Amino acid sequence: MRVAALSGIALLGFGSALMAQDAPARPSFDVDGTVSVPEFELPPSVLASEEARAAQEMRGRIPVSEMTTGQNPEIGARRATLARMLQPRVDQMTALYPALVEETTIGGVPVRIITPAKGEFDPERTLINLHGGAFNVCWESCSLIESLPIAVLGGYRVVSVNYRKAPEFSHPAGVKDAAAVYQELLKEYDAAKIGVFGCSAGGALTAQLAAYLPQNNLPQMGAAGIFGAGAVRFQSGDSAYIAANIDGSFPGPDAEGKLAADLTLGYFDGVDMKDSVVSPALHTDVIAQFPPTLVTTGTRAMDLSPAIVTNSALLREGVESTLIVGEAMGHCYQYNPALPESRDAYAATVAHFRKHLD
């Protein structure tokens, strides 16, 4: 028995040596908490949809665009280039979710009013969309990509706001424009019947508006949708570093937390990023006044950390909050209607507003 026991120990040691020899490099940990992560390969997730895995395969054949690298600094050219790149996606959304689009102004702010093509929509409730685009681009495309599926599937009148952006304007121009539209809509709708949603910069702006309204003696919206963002500063937390290396859509911060490039083109220059409107999740008294909120993000998205922090802050203060994290999904994955994960997000968004605007 003793020989057998010794042999077992020896065999275990030999196996451990083999495992150590064949195992990939392990991370190392510094005393200040910094982790040095070794290079590794991340395959497509077996838990993602077939469509999502196919999209990841296709991405390997597509070169990085100048919009991602920021090689073209002229804002007019950047906006035109992005609109041209996203036009096929706009066409795809328009075919899937046919709608009427009216260009007008509300409260002195340019807007698009999007309603189902059949002309039938909820007369008592409305949604405001605050489009994405890093606070400087994407009005032409993102306003439609974000609004069309929600307007058509939910039977809503969606008002998408062309808020002022960088580099021509800076914070709080965007939130003031959103508030101006909201205040004008209060003449037609009860505050409890108005929902606000947006993705990326629009998601952050939705959170800013939810903080801004009570501070300016305006009634709180009925429900909010914060997608691809959070109620804290962009590109912050663990996910900013992780997503830079597994998704690659956005550059990550350096070891000191500084970003190589300001994707907002100066929209927040001179602003305290811990301000109660910019990062309301850091202020318990502010986040406690939020409406019921739906937060969506992805496991490969740079906004994962802000979304988690926001959801936790809301729940801590007793605000109803739902967090959806799409497996293997990147930033604002809802922009691709071919993904089942996106369609799930549309359905969850419609259900969220139907529940809370009632």
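Figured I'd write up the structure that's included with this text. Bear in mind the structure is a predicted one, so any value in this text is a computation, not a measurement.

So, on to the packing of helix α5 (residues 139-154) against helix α11 (residues 340-356). Packing of α5 against α11 leaves a shortest axis separation of 10 Å and a crossing angle of 60°. Classed by the angle they form, the pair α5 and α11 counts as oblique. Note that α5 runs across α11; the crossing there is right-handed. Side by side, α5 and α11 meet where Pro149, Ile150, Leu153 and Gly154 of the first sit next to Tyr346, Thr349, Val350 and Arg354 of the second. Of the residues in the contact of α5 with α11, the class split is five nonpolar, two polar and one charged.

Right, let's get into the pattern of salt bridges. Throughout the structure, instances matching the rule amount to nine salt bridges. In this structure, Arg157 and Glu188 form a salt bridge, with 3.4 Å as the shortest nitrogen-oxygen distance. With Arg157 in strand β6 (residues 157-161) and Glu188 in the loop between α6 (173-185) and β7 (194-199), this residue pair connects regions lying 31 residues apart in the sequence. For Arg157, a relative accessible area of 12% puts it in the buried group. A residue is classified by how much of its surface remains accessible, and Glu188, at 53% relative accessible area, is exposed. With its nearest N and O atoms 3.0 Å apart, the salt bridge here joins Asp177 to Arg164. Taken together, the residues Asp177 in helix α6 and Arg164 in the loop between β6 and α6 connect sequence positions 13 residues apart.

To summarise the sheet geometry, strands pair through backbone hydrogen bonds and adopt either a parallel or an antiparallel arrangement. Pairing within the open sheet is mixed, and its eight strands lie in the order β3-β4-β6-β5-β7-β8-β9-β10. In this open sheet, the two strands that pair with only one neighbour each are β3 (99-106) and β10 (321-326). The sheet shows a mean angle of 20° between the axes of neighbouring strands, direction not considered. For β7 and strand β8 (residues 223-227), the ladder comprises five bridges, and the chain directions are parallel. Along β8, the bridge assignment pairs Phe197 with Gly225.

Glancing now at the state of the cysteines. The tally for this structure, following the rule as stated, stands at two disulfides. Note on cysteine connectivity: Cys138 is disulfide-linked to Cys142, with sulfurs 1.9 Å apart. In this structure the cystine formed by Cys138 and Cys142 twists about its S-S bond by roughly 70°; its chirality is therefore right-handed. Taken N- to C-terminal, the disulfide-bonded cysteines of the protein are connected 1-2, 3-4.

Looking at where Leu96 falls in the secondary structure, it is placed in helix α4 (residues 75-96). Once the C-alpha coordinates of Leu96 and Val152 are considered, the two residues, 56 residues apart in sequence, prove to be 9.4 Å apart.

The next subject is the packing of aromatic side chains. Counting across every chain of the model gives six aromatic pairs. When the ring of Tyr97 is compared with that of Tyr346, the centres are 6.0 Å apart and the planes differ by 90°; the resulting orientation is edge-to-face. Within this pair, whereas Tyr97 is found in the loop between α4 and β3, its partner Tyr346 is found in helix α11, the two being separated by 249 residues in sequence. Of the two residues, Tyr97 and Tyr346, both sit in the buried class. When the ring of Tyr267 is compared with that of Phe268, the centres are 4.8 Å apart and the planes differ by 90°; the resulting orientation is edge-to-face. Relative accessible area serves as the criterion here: at 0%, Tyr267 is assigned to the buried category.

Reading guide: rules and limits
Residues numbered from 1 in each chain as written. Predicted model: local features only at pLDDT ≥ 70, side-chain atom pairs only at ≥ 80, totals over all residues. Heavy atoms only, no water. Axes fitted to C-alpha atoms, helices over the stretch in contact; angles between N-to-C directions. Helix = DSSP H or I, 4+ residues; strand = E, 2+ residues; numbered from the N terminus. Parallel < 35°, antiparallel > 145°, perpendicular 65-115°, else oblique. Left-handed = near helix turned anticlockwise from the far one by under 90°. Contact = heavy atoms within 4.5 Å. Nonpolar A, V, L, I, M, F, W, Y, C, P; charged D, E, K, R; others polar. Salt bridge = Lys/Arg side-chain N within 4 Å of Asp/Glu carboxyl O. Buried < 20%, exposed > 50% of the residue type's maximum accessible area, 1.4 Å probe, protein only. Pairing = 2+ DSSP bridges. Disulfide = S-S within 2.5 Å. Phe/Tyr/Trp six-rings, centres within 6.5 Å; stacked < 30°, edge-to-face > 60°.

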